[in-house]
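Structural overview
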Amino acid sequence: MQGGTSAALQPDFFSCDIFDALPKDDLASMEHPLFSLATRPDLQVLRYLHNGVEIEVTPSVKGRATIHDKDILIYCTSQLMAALNAGRQVARTLHLRAHDLLMATNRETSGDAYRRLREAFERLAGTRITTNLVQGELEITRGFGLIEDWEIVRKTRGGRMIQVRVTLSEWLFAAIKAKSVLTLSRDYFSLRRPLERRLYEIVRKHCGRQPEWRISLELLQKKAGSNSPRRVFRAMLRDVIEADSIPDYALALDADDLLRVNPRAPLVEASPQPQTSLGPLAEATVQRARQLAPGWDIYALEAEWREMWHRSGRPRLRSPDKAFLGWLEKRQA
């Protein structure tokens, strides 16, 4: 009876409504090169073998999911982890507002956003992963996709996206429930070059709080999943090091092709504290906002305000609703 009650209470879907969720990434995709670094459709099958782990990543005709497509999974993972930490129930199927997703991942919200988001979902759904697991005398081979299915609802006139639904793979959902994740810097979404993002994932996973971590160029390229010639990869790595763009870490490549990584400052692992988080605005506040900005997309304005709050260091607000309306009045003026 107790088991049946628990199943009955299990939600069918989870609504993404946590606006200040810290970015979270699953450990497996940080460890292994599941996502393409190419800027053009990557139709090559990736085969990766390291320390007894065999992974094969097969793209669809649309190409392999890219490191930028992964933003969607990071956003979903962040939302679910914030909910779990708050004691809420979660589900594999998530309902989210497209504008919130685009704002949280530092993407453009232009009219072209629909096409880009649709292409990302198609690559995520079409990319298949095959891996092996040795248990005693048995070897288990398993295949799965990055997401199970997706849906975008938008206005027939104007094309504005209203809602997005995505069902995560059982593999990723199990990792989230097991809290097999790490917190990322919010600056991760400001990294535009694919190699920058992949390097940050690798050093965040392996260096962590250690005073120093080292890796050979050969192994680094393997973990990054780069198909470039060694000399080209070395040159791209030096460009990243010179730009000094990797959040939280300083990188240096010595004459023996050994990469040294040092944390810039202590890393914060904790989830945001309740007194520094912002809950949803009251319905009366939304109605008042519509009066102050007639004809505007209030939810887009709200997302802009929350992003401004994040960038200003998330100061304590006695009344987020009053703060939002005050900001809106000044913005409209």
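Look a little higher up for the structure.
For clarity, every value in this text was computed on a predicted model and none was experimentally measured.

Regarding the side chain of Ser-185
By secondary structure assignment, the location of Ser-185 is in the loop between β10 (181-183) and α7 (194-206). Reaching out from Ser-185, the side chain makes a polar contact with the backbone nitrogen of Asp-187 at a distance of 3.0 Å. Excluding anything up to four places from it in sequence, Ser-185 contacts Pro-23, Tyr-200, Pro-247 and Asp-248.

Thoughts on the sheet that holds strand β8 (residues 147-154)
Read across the open sheet, the four strands follow the order β1-β5-β9-β8; overall the sheet is mixed. The sheet terminates laterally at β1 (14-15) and β8, the two strands that pair on one side only. Here β1 pairs with strand β5 (residues 93-96) via two bridges, running parallel. Residue pairing in the sheet places Ser-15 in a bridge with His-95 of β5.

Considering the pattern of salt bridges
On inspection of all chains with the given rule, the structure shows 24 salt bridges. Taking the shortest distance from any N to any O, the salt bridge between Lys-62 and Glu-122 comes out at 3.6 Å. Of this pair, Lys-62 sits in the loop between β4 (53-58) and α3 (70-85) while Glu-122 sits in helix α5 (residues 113-126), and the two are 60 residues apart along the sequence. In this structure, Arg-107 and Asp-71 form a salt bridge, with 3.5 Å as the shortest nitrogen-oxygen distance. Of the two residues, Arg-107 sits in the loop between α4 (98-104) and α5 while Asp-71 sits in helix α3, which places them 36 residues apart along the sequence. Via salt bridges that share partners, Asp-25, Lys-70, Arg-198 and Glu-201 belong to a single interconnected network.

A few points about the side chain of Glu-201
Within the secondary structure layout, Glu-201 lies in helix α7. Ignoring any residue separated from it by four or fewer positions in sequence, one finds Glu-201 in contact with Asp-25, Ser-29, Met-30, Ile-67, Lys-70 and Tyr-188.

A closer look at the nonpolar core
Leu-117 and Leu-168 are the most contacted members of the largest nonpolar core, which totals 73 residues. The dominant element in this core, judged by the number of residues it contributes, is α3, at eight residues. When neighbours within four sequence positions are excluded, Leu-117 is seen to be in contact with Ile-72, Ala-98, Leu-101, Ile-152, Met-161 and Val-164. Membership of the second largest hydrophobic core comes to eleven residues, among which are Leu-281, Leu-301, Trp-327 and Leu-328.

Conventions adopted
One numbering rule holds for all chains: residues counted from 1, following each sequence as written. With pLDDT at 70 or above as the cut-off, local features in this predicted model cover only qualifying residues; side-chain atom pairs require 80 or more to be listed or tallied, and sums for whole chains, interfaces and linings still use all residues. Where side-chain values are given, they derive from all heavy atoms of the structure, hydrogens and water being excluded. Think of it this way: any DSSP run of H or I at least four residues long counts as a helix, any run of E at least two long counts as a strand, and we number them from the N terminus. Nitrogen and oxygen atoms within 3.5 Å of one another constitute a polar contact, given that in protein one can donate a hydrogen and the other can accept it, and given that sequence-neighbouring residues count only through two side-chain atoms. Contacts: residue pairs with any heavy atoms within 4.5 Å of one another. Note on pairing: two strands pair once DSSP finds at least 2 bridges between them. By convention in these notes, a salt bridge is any Lys or Arg side-chain nitrogen within 4 Å of a carboxyl oxygen on Asp or Glu. As used here, the term nonpolar core means buried Ala, Val, Leu, Ile, Met, Phe, Trp, Tyr and Cys residues forming a set that is joined through side-chain atoms within 4.5 Å. Think of it in three bands: residues with accessible area under 20% of the maximum for their type are buried, residues over 50% are exposed, and the middle band is partly exposed, with areas taken using a 1.4 Å probe on protein chains only.

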